[in-house]
Amino acid sequence: MNALRRITATSLKSTLQSSRRCLNIHEADSYEVLNANGVKTPRAKVAYSATEAKTVAAELGTSKYVVKAQVLAGGRGKGHFDNGFQGGVHIVDSLSVVAEVASKMIGARLITKQTGSDGRPCNKIMVAEPVDISHEYYLALLLDRKAGTVAMIGSTEGGMNIEETAATNPDAIKKVAINILEGMSEADADAMATGLGFTGNLHEQAKDQFLKLYNTMIKCDATQIEINPMVTTTDGRLLCADAKLNFDDNAEFRQSEIFKRRDVTQENPLDVEAQKYDLNYIGLDGSVACLVNGAGLAMATMDLLNHQGGSPANFLDVGGSANTKAITAAFEIINTDAKVKSVFVNIFGGIMSCKTIASGMVEALNNVEVKVPIVVRLMGNQMQEGSDILNSYKGSTSINPVLDFDKAAQLAVSLSKK
């Protein structure tokens with residue numbers, strides 16, 4: 001389905017979208033969460049200015065320093081900043097160069113293959129100690145929903161895209177299924193350590209770190225812990241040199257300290273605003289804005305718009321308990337999108353009646369000037385009452401009630417092209 005493919009593509013290039021099922025935190029924050037649970041990483045400190053970067057680098061007491069832009073996107077090392085500075089990861093050998101690199105990163109926008117051309121703002125950097133690496137590995141703990149387990153995935157080829165490894169050298173990938181009711185056992189940890197070729201003291205370190213990573217996942221309600229790379233060093237240590245952690249949004253009530261680490265500057269401002277009102281929103285590239293209740297109906301609406309030759313400007317699900325404030329917020333969000341040329345409101349009245357939506361719409365339109373025409377389809381509970389309310393609207397916005405789904409979508413597309 002075209003609309004589904006559009007949503008998937010948009011979700012991949014945006015960090016936190018829609019219902020934000022998985023909170024994503026910066027690498028420096030991931031280090032702190034891991035360290036608090038006994039997982040070993042290189043020593044690192046965060047700085048918000050060039051002066052502070054120089055100070056915290058000095059505190060590390062090393063002769064070289066790794067300076068990393070803290071931006072929620074992959075491919076930082078190969079990215080570039082909007083001020084022309086190249087690379088979001090630098091290894092430098094003096095405090096003065098730490099400050100110089102930090103000054104070029106902080107306050108600029110980093111553009112990578114994952115951010116799109118606008119990039120994302122770099123508001124802070126991490127200065128870490130360099131480590132002499134003898135080998136790089138890949139290690140991840142993921143929810144395997146199909147199997148109902150936690151899957152521990154490992155590879156002897158770290159520091160690269162795991163999908164590429166799977167395609168070119170599948171034998172390098174090891175998988176251990178963990179019974180989520182029983183937790184990771186010593187045998188599970190031993191199987192992965194053995195599979196990745198660890199021996200002697202490193203084998204014991206690997207088992208210990210795998211168990212602690214799993215415990216971190218369960219304790220912190222993480223949906224994913226990805227370590228790429230996990231490294232062995234020339235002095236015999238095993239460290240998590242780069243970390244990506246995601247957390248289940250449904251656990252926010254018991255993970256308040258972790259969720260304080262959320263960085264909304266890395267997110268689409270419209271997504272952030274939508275979340276304040278429990279609206280599920282994803283911005284797309286089309287010209288017909290959608291306001292729908294229910295994800296299934298929203299998907300069908302966008303597919304029909306595509307079928308009629310149009311393109312959706314958003315995925316916006318107001319859910320089953322939206323009130324006037326939420327509906328007003330929905331129209332304000334739609335109103336800020338300059339690409340929108342028409343709006344398609346498609347409501348199936350069930351838990352939330354058509355009357356409620358219509359009342360909210362009229363009140364919202366009395367407070368928000370929507371200059372593009374609106375096509376409204378109300379079906380289900382109290383649809384006649386909802387229709388009467390819309391017919392009583394005397395404002396400046398053009399409202400076009402249509403009962404037939406196909407005809408409503410066709411009109412919305414037609415209006416978007418005028």
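S.K.: An account of the pattern of salt bridges is requested, with residue identities and associated values reported.
M.R.: Evaluated as defined, the whole model comprises 18 salt bridges. With a shortest N-O distance of 2.9 Å, D221 and R254 are connected by a salt bridge. Within this pair, whereas D221 is found in the loop between helix 7 (200–219) and strand 12 (222–233), its partner R254 is found in the loop between strand 14 (243–248) and helix 8 (256–259), the two being separated by 33 residues in sequence. Taking relative accessible area as the criterion, D221 reaches 15% and is therefore assigned buried. Ionic contacts of the salt-bridge type, sharing partners, join the residues E27, K68, R76 and D242 into one network.

S.K.: Tell me what's going on with the nonpolar core, and back it up with residues and numbers.
M.R.: Ranked by size, the top nonpolar core spans 37 residues in total, and within it L279, V318, F331, V343, V345, M361 and I374 carry the most contacts. Mapped onto this core, the elements with two or more residues apiece are strand 16 (288–292), helix 11 (324–335), strand 18 (342–349), helix 12 (354–367) and strand 19 (374–380). When near neighbours in sequence (up to four residues on either side) are disregarded, F331 contacts L291, V343, V345, M361, A364, V368, V370 and I374. Counting residues in each nonpolar core, the second largest holds 36 residues, with V33, L139, A189 and C240 among its members.

S.K.: Just give me the short version of the packing of aromatic side chains, but keep the residues and values in it.
M.R.: For any pair of aromatic rings, geometry is given as the distance between the ring centres together with the angle between the planes. Inspection of the entire model under this criterion finds three aromatic pairs. Taking 6.0 Å as the distance between ring centres and 35° as the angle between the ring planes, the aromatic pair formed by F81 and F85 counts as tilted. Both residues of the pair, F81 and F85, count as buried. Ring centres 4.6 Å apart and planes at 35° place the aromatic pair Y137 and F198 in the tilted group. Residue Y137 is found in strand 9 (residues 133–144), and its partner F198 is found in the loop between helix 6 (186–195) and helix 7; the two are separated by 61 residues along the sequence. The two residues Y137 and F198 agree in class, both being buried.

S.K.: So what's going on with the sheet that holds strand 6 (residues 109–111)? Residues and values would help.
M.R.: One open sheet accounts for three strands, arranged 4-6-7; its pairing is antiparallel. Where the open sheet ends on each side, the last strands, each with one partner, are strand 4 (80–81) and strand 7 (120–121). The pairing of strand 6 with strand 7 spans two bridges and is antiparallel. Bridge pairing in strand 7 links R109 to P121.

S.K.: Now, about helix 2 (residues 27–36): what can you tell me, with residues and values included?
M.R.: Side chains three or four residues apart in an α-helix point the same way, a direct result of the helix having 3.6 residues per turn. The buried count for helix 2 comes to seven of 10 residues, which makes it a mostly enclosed element. Turning to helix 2, its buried residues number three or more, namely E27, A28, D29, S30, Y31, V33 and L34. Among the residues trailing helix 2, G38 stands out with phi positive, at a value near 85°.

S.K.: Explain the sheet that holds strand 8 (residues 125–128) to me, and be specific about the residues and the numbers.
M.R.: Judged by pairing direction, the sheet is antiparallel, and its four strands sit side by side in the order 2-8-3-5 without closing on themselves. At either margin of the open sheet sits one strand with a lone partner, and together these are strand 2 (44–47) and strand 5 (89–92). Strand-to-strand twist in this sheet, taken as the mean axis angle between neighbours without regard to direction, amounts to 20°. Helix 3 (residues 50–60) contacts strand 2, strand 3 (65–69) and strand 8 of the sheet and is inclined by roughly 165° relative to strand 2. Of the strands in this sheet, strand 3, strand 5 and strand 8 touch helix 4 (residues 95–105), which is tilted by about 5° from strand 3.

S.K.: Describe the packing of helix 10 (residues 295–307) against helix 14 (residues 405–416), listing the residues and the values that go with them.
M.R.: The packing of two helices is summarised by the inter-axis angle and the distance between the axes. Contact geometry for helix 10 and helix 14: axes closest at 9 Å, N-to-C directions at 60°. Of the possible angle classes, the one that applies to helix 10 and helix 14 is oblique. Note that helix 10 runs across helix 14; the crossing there is right-handed. Between helix 10, through L297, A300, T301, L304 and L305, and helix 14, the contact on the second element is made entirely by F405, D406, A409, A412 and V413. A per-class count over the contact of helix 10 with helix 14 returns eight nonpolar, one polar and one charged.

S.K.: Explain the confidence of the model for the protein chain residue by residue, including any values.
M.R.: Detailed conclusions should not be drawn from predicted coordinates in areas where pLDDT is low. Averaged over all residues, the pLDDT of the protein chain is 90; the fraction at 70 or higher stands at 95%. Note on residues 1–20: pLDDT is under 50 here. Beyond four places in sequence and across chains, it has 50 contacts.

S.K.: Could you give me a rundown of the environment of M299, with the residues and numbers involved?
M.R.: Examined against the element boundaries, M299 turns out to sit in helix 10. Expressed as a C-alpha distance, the spacing of M299 and L316, which sit 17 residues apart in the sequence, is 9.9 Å.

S.K.: Could you give me a rundown of the pairing of strand 17 (residues 314–317), with the residues and numbers involved?
M.R.: Neither face of strand 17 is exposed, since N314 and L316 on one face and F315 and D317 on the opposite face are all buried. Where strand 15 (residues 280–283) lies against strand 17, four bridges are found, and the strand directions are antiparallel. Bridged to G283 within strand 17 is N314.

S.K.: Talk me through the side chain of K207; I want residue IDs and the actual numbers.
M.R.: Inspection of the secondary structure assignment puts K207 in helix 7. The exposure class assigned to K207 is buried, which follows from its relative accessible area of 13%. Beyond its immediate chain neighbours, meaning those up to four positions away, K207 contacts E186, A189, D190 and A193.

S.K.: Break down helix 7 for me, with residues and values.
M.R.: In a regular helix each residue adds 1.5 Å, so 20 residues correspond to 28 Å; helix 7 covers 29 Å between its end C-alpha atoms and thus fits that length. For helix 7, every residue scored as buried is listed here: H203, Q205, A206, K207, Q209, F210, L211, L213, Y214, T216 and M217. In the segment just after helix 7, D221 is the residue with positive phi, at about 55°.

S.K.: Give a detailed account of the state of the cysteines, specifying residues and quantitative values.
M.R.: A complete count under the given rule lists zero disulfides for this structure. You can see C240 has no disulfide; the closest cysteine sulfur is in C220, sitting 14 Å from it. Residue class for C240 comes out buried when judged on its relative accessible area of 1%.

S.K.: Before we move on, could you go through the environment of K124 and cite the residues and values that matter?
M.R.: Structurally, K124 can be placed in the loop between strand 7 and strand 8. On the basis of relative accessibility, which here comes to 11%, the residue K124 falls in the buried class. Note: C-alpha distance between K124 and G296 (172 residues apart in sequence) is 39 Å. Leaving out residues up to four positions away in the same chain, K124 has contacts with H26, D29, V46, A47, Y48, A69, Q70 and I106. A polar contact of 3.4 Å, which involves the side chain of K124, links it to the side chain of D29.

What counts, and where the lines are drawn
Residues numbered from 1 in each chain as written. Predicted model: local features only at pLDDT ≥ 70, side-chain atom pairs only at ≥ 80, totals over all residues. Heavy atoms only, no water. Salt bridge = Lys/Arg side-chain N within 4 Å of Asp/Glu carboxyl O. Helix = DSSP H or I, 4+ residues; strand = E, 2+ residues; numbered from the N terminus. Buried < 20%, exposed > 50% of the residue type's maximum accessible area, 1.4 Å probe, protein only. Core = buried A, V, L, I, M, F, W, Y, C linked by side-chain atoms within 4.5 Å. Contact = heavy atoms within 4.5 Å. Phe/Tyr/Trp six-rings, centres within 6.5 Å; stacked < 30°, edge-to-face > 60°. Pairing = 2+ DSSP bridges. Axes fitted to C-alpha atoms, helices over the stretch in contact; angles between N-to-C directions. Parallel < 35°, antiparallel > 145°, perpendicular 65-115°, else oblique. Left-handed = near helix turned anticlockwise from the far one by under 90°. Nonpolar A, V, L, I, M, F, W, Y, C, P; charged D, E, K, R; others polar. pLDDT = per-residue confidence, 0-100. Expected span 1.5 Å × (residues − 1). Disulfide = S-S within 2.5 Å. Polar contact = N/O pair within 3.5 Å; in protein donor to acceptor, adjacent residues only side chain to side chain.

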